[in-house]
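Per-entry structural report
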Amino acid sequence: MIGEALRSYTQLYEHMESLITPKASFTVFKRLADTYAPTLSARYTRGEVVRSILEESKSEGALGDNVNLDLNYRKTGNVCITLGEQSRKPIWAFAHLDNISYLTGPIENGVYPLTAFHEPRITPGERDGLALLYDEQSQNLVSAAKGMIVTGEDSNNSVFKTDTTDLPPATRVVFQTAAEWDKGTGMLYGSVDDAFGCAALVMSSIVLSAFDIDALIVLTDEEEGVVGVGNTAFARGSQRLISRTDPNQLPAIMSVTDLHERKPIIDDNGDVVAVPGCGDGALFAGFASGARGGVTPPHVLSAMREVSGLLNEKGISMRENESYVSRSDCVSAMMATQNVVLMGFPGAYSHFLKTPRAHIDDLVALSKSLTVLIAAVQSLDWRKHYLID
């Protein structure tokens, strides 16, 4: 089925190879990762970066006419790239554009108590932090203070230590990072959660813009958030988008791309020796968060295994993840369709226990895997065969 589904896109692989290179992929990743986008700010922080990337691709002749960008799609705060002219897209592909952050309380004893706007996963210690405030002139976030995020014995108990004493309440504080690519090992360092997934979808969009493709690429805000007992405490941006969509306009399938956390191998000195799976390719999984998140139906999982088999024949590594996968925007997607695909990449330290990391080869593989998946879904026969639509 997959070969027949892709018959209309005979130039797809050649076009992919020319555009989705390690160098180009890292450039897109770095520009996104080095732009701080604390939750509720993604459309005017990283969203503007996406706009610049697409505009530059257009000027270079790499971007086709089959594409449109909206930084506040349906007034949901989500950044969306629309491919094609059909009102109902066969696929929506998600990756979250926001990154984890804290909110300050009033200064006490020379430090600012912090409230986590994410799920804390860090141990006691000090880590570089940056306070951000909204600047009305630039209509963007700007640096207000550098300092240290200091975490006590309880990972929920953190403060911001800085020389600046006049930060207003609810100032955003983020972990300070700069994206790096170790060309000796292939490892990428920086804000991989989920600038990595967004970079893959942006690269995929540029490739697919040259073809007759209909898809909605959704770079969500508010995926990060306080994780409560239920799912609705986070992934609010994607929930808002789905609630504002006519049921007849919902897609046949939704893919959700995020980091699939791996446990690093540590030596006796506490240094990271390796992250298992990094460099082995893109991932897909059958269920998330012990089935509290998205669960891919058996017929769709069979389709993904077929896609994976074809990709591996073409030298593009995508394999099935047999270990734990966290919830993401799949908690919203599964309320809109049964056909939810969990895409991702191996990585470590997404919430800054140490510097977050992933692998450049997996970014290339993920970009290509998403490109082929989106192209395959265009086939009505393929959808009828595999999906409940």
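Residues numbered from 1 in each chain as written. Predicted model: local features only at pLDDT ≥ 70, side-chain atom pairs only at ≥ 80, totals over all residues. Heavy atoms only, no water.

Broken down by element type, the chain carries 10 helices and 19 strands. Here the C-alpha atoms of the chain give a radius of gyration of 20 Å, agreeing with the 21 Å that 2.2 N^0.38 yields for 389 residues. If one aligns the C-alpha atoms of the chain with their principal axes, the spans along those axes are about 65 × 50 × 45 Å. Taking all 389 residues of the chain together, 58% fall into the buried category. Within the chain, residue pairs in contact and separated by at least 24 positions form 75% of the contacts whose partners lie at least 6 positions apart. With the model as given, the accessible surface of the chain reaches about 15900 Å², and the carbon-plus-sulfur share is 48%. (Helix = DSSP H or I, 4+ residues; strand = E, 2+ residues; numbered from the N terminus. Rg over C-alpha atoms; globule rule 2.2 N^0.38 Å. Buried < 20%, exposed > 50% of the residue type's maximum accessible area, 1.4 Å probe, protein only. Contact = heavy atoms within 4.5 Å. Areas by Shrake-Rupley, 256 points an atom, 1.4 Å probe, with all protein chains shown as cover.)

Right, let's talk about the nonpolar core for a bit. Of all hydrophobic cores here, the largest spans 82 residues; its most connected members are Leu 6, Phe 29, Leu 32, Phe 196, Ile 213, Leu 219 and Trp 382. Those residues in contact with Ile 213, other than ones at most four positions away along the chain, are Tyr 9, Asn 66, Leu 83, Gly 84, Leu 208, Ile 374, Ala 375 and Gln 378. Counting residues in each nonpolar core, the second largest holds 21 residues, with Tyr 73, Phe 94, Val 325 and Cys 330 among its members. (Core = buried A, V, L, I, M, F, W, Y, C linked by side-chain atoms within 4.5 Å.)

Further remarks concern empty space enclosed by the protein. Taken as a whole, this structure holds two cavities of 30 Å³ or more when the rule is applied. Roughly 60 Å³ of internal volume is contained in the largest cavity. Forming the walls of the largest cavity are Val 256, Thr 257, Asp 258, His 260, Ala 288, Val 325, Ser 326, Arg 327, Ser 328, Cys 330, Leu 342 and Met 343. Residue assignment for the lining of the largest cavity shows that the elements contributing at least two residues are β13 (253-261) and β18 (340-347). Here the element with the most residues in the lining of the largest cavity is β13; it accounts for four residues. Taken together, the residues that form the lining of the largest cavity break down as six nonpolar, four polar and two charged. Lining the second largest cavity we find Tyr 36, Asn 99, Ile 100, Val 174, Phe 175, Thr 177, Ser 191 and Phe 352. Its residues assigned to classes, the lining of the second largest cavity comprises five nonpolar, three polar and no charged. (1 Å grid on protein atoms, 1.4 Å probe; cavity = no way out; pocket = protein on both sides within 12 Å on 5 of 7 lines; lining within 4 Å. Points joined across faces, edges and corners; volume = space filled by probe spheres on them. Nonpolar A, V, L, I, M, F, W, Y, C, P; charged D, E, K, R; others polar.)

As a further point, take the layout of surface pockets. As a volume, the largest pocket reaches approximately 340 Å³. A per-class count over the lining of the largest pocket returns four nonpolar, seven polar and nine charged. Considered as a void within the structure, the second largest pocket measures approximately 230 Å³ in volume. For the lining of the second largest pocket, the secondary-structure elements that each account for two or more residues are α3 (22-33), α4 (46-59) and α5 (192-208). With four residues, α3 is the single largest residue contributor to the lining of the second largest pocket. Here the lining of the second largest pocket is composed, by residue class, of nine nonpolar, two polar and three charged.

Side chains Ala 282 and Phe 284 project from strand β16 (residues 282-285) onto one buried face, and the interleaved Leu 283 and Ala 285 project onto a second face that is buried too. Examined bridge by bridge, β16 and strand β17 (residues 318-320) share three bridges and lie parallel to one another. Directly across from Phe 284, in β17, lies its bridge partner Glu 320. Handedness of the crossover is the feature at issue here: the chain leaves β16, passes through helix α7 (residues 298-313), returns alongside β17, and the resulting connection is right-handed. Where β16 lies against β18, three bridges are found, and the strand directions are antiparallel. (Pairing = 2+ DSSP bridges. Right-handed = clockwise from strand over helix to strand, strands pointing away.)

Another point: the environment of Asp 163. Summarising the element assignment, Asp 163 is placed in the loop between β8 (158-162) and β9 (172-175). A relative accessible area of 78% means that Asp 163 is categorised as exposed. C-alpha separation for the pair Asp 163 and Asp 381, spaced 218 residues apart in sequence, amounts to 63 Å.

Strand order in this open sheet of three strands is β10-β11-β19, and the pairing throughout is antiparallel. Each edge of the sheet is formed by a strand with only one pairing partner; in this case those strands are β10 (180-181) and β19 (357-359). In terms of strand pairing, strand β11 (residues 187-189) meets β19 through three bridges, oriented antiparallel. Bridge pairing in β19 links Tyr 189 to Arg 357.

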